[in-house]
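Chain residues, written in single-letter form:
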Amino acid sequence: MIDKNDWRLQGQEKYLKSVSLTFKSYSKYREEWDHDHCSFCNTKFMEQNHHGTLHEGYATDDNYHWVCTKCFNDFKDMFEWKVDF
Ligand SMILES: [Zn+2]
């Protein structure tokens, strides 16, 4: 059970509560951006194979917000995400 005071919670419910997420390979939101961060723990997502980065995760339909697998599992009940496969 995740505590409401978990350090990763920073008001994400304003834009991530009950949204649809899809598990996919990371792709850039815009051509100028080379990476994104998990919306919760800040782990980096990149297309290239850099050490310590993730290459797949759960994303909103517009690829704007990314959530890593660990945070997805930790917060899925609290945020009531709908998952598209
Ligand atoms: Zn995370």
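Residues numbered from 1 in each chain as written. Predicted model: local features only at pLDDT ≥ 70, side-chain atom pairs only at ≥ 80, totals over all residues. Heavy atoms only, no water.

Undergrad: Any chance you could explain the coordination of the zinc ion here in plain terms?
TA: Only Cys38 (SG), Cys41 (SG), Cys68 (SG) and Cys71 (SG) from the protein coordinate the zinc ion, and they sit 2.3 Å from it. Angles of 101 to 116 degrees at the metal separate the four donor atoms of the zinc ion, which places the site in the tetrahedral class. On the primary sequence, the residues serving as donors to the zinc ion are separated as C-x2-C-x26-C-x2-C. Given a relative accessible area of 3%, Cys38 falls into the buried group. (Donors = N, O, S within 2.8 Å, 3.2 Å for Na, K, Ca; no water. Tetrahedral: all angles 85-135°; square planar, octahedral: opposite > 155°, others 65-115°. Buried < 20%, exposed > 50% of the residue type's maximum accessible area, 1.4 Å probe, protein only.)

Undergrad: How should the pattern of salt bridges be read in this particular structure?
TA: Side chains that differ in sign of charge can pair as their charged atoms come close. All chains considered together, the criterion is met by five salt bridges. In this structure, Asp6 and Arg8 form a salt bridge, with 2.9 Å as the shortest nitrogen-oxygen distance. For Asp6, a relative accessible area of 16% puts it in the buried group. The salt bridge involving Glu31 is made with Lys28; its shortest N-O contact spans 3.4 Å. When its relative accessible area of 63% is taken as the criterion, Glu31 is described as exposed. Residue classification places Lys28 among the partly exposed positions, given a relative accessible area of 24%. (Salt bridge = Lys/Arg side-chain N within 4 Å of Asp/Glu carboxyl O.)

Undergrad: Explain the nonpolar core here, please?
TA: Side chains of nonpolar character tend, in soluble globular proteins, to be buried together. Among the nonpolar cores identified, the biggest contains 19 residues, and Cys38, Phe40, Val67, Cys71, Phe75, Phe79 and Trp81 are the most heavily contacted of them. Among the secondary structure elements, those contributing two or more residues to this core are β4 (56–60), β5 (66–67) and α2 (69–79). In terms of residue count, the dominant contributor to this core is α2 (four residues). Setting aside residues no more than four positions away along its own chain, Cys71 makes contact with Arg8, Cys38, Phe40, Cys41, Lys76 and Trp81. (Core = buried A, V, L, I, M, F, W, Y, C linked by side-chain atoms within 4.5 Å. Helix = DSSP H or I, 4+ residues; strand = E, 2+ residues; numbered from the N terminus. Contact = heavy atoms within 4.5 Å.)

Undergrad: I tried to follow the packing of aromatic side chains on my own but got confused; where do I start?
TA: Where two aromatic rings form a pair, the distance of their centres and the angle of their planes describe that pair. For the structure on display, the rule yields 12 aromatic pairs. The interplanar angle of 65 degrees and the centroid separation of 4.9 Å between the aromatic rings of Tyr26 and Trp66 together place this pair among those described as edge-to-face. One end of the pair, Tyr26, is in the loop between β1 (20–25) and β2 (35–37); the other, Trp66, is in strand β5, with 40 residues separating them in the sequence. Accessibility classification places Tyr26 together with Trp66 in one group, the buried group. With centroids separated by 5.4 Å and ring planes inclined at 45 degrees, the aromatic side chains of Phe45 and Trp66 adopt a geometry described as tilted. (Phe/Tyr/Trp six-rings, centres within 6.5 Å; stacked < 30°, edge-to-face > 60°.)

By themselves, these figures tell us nothing about what the structure is for.
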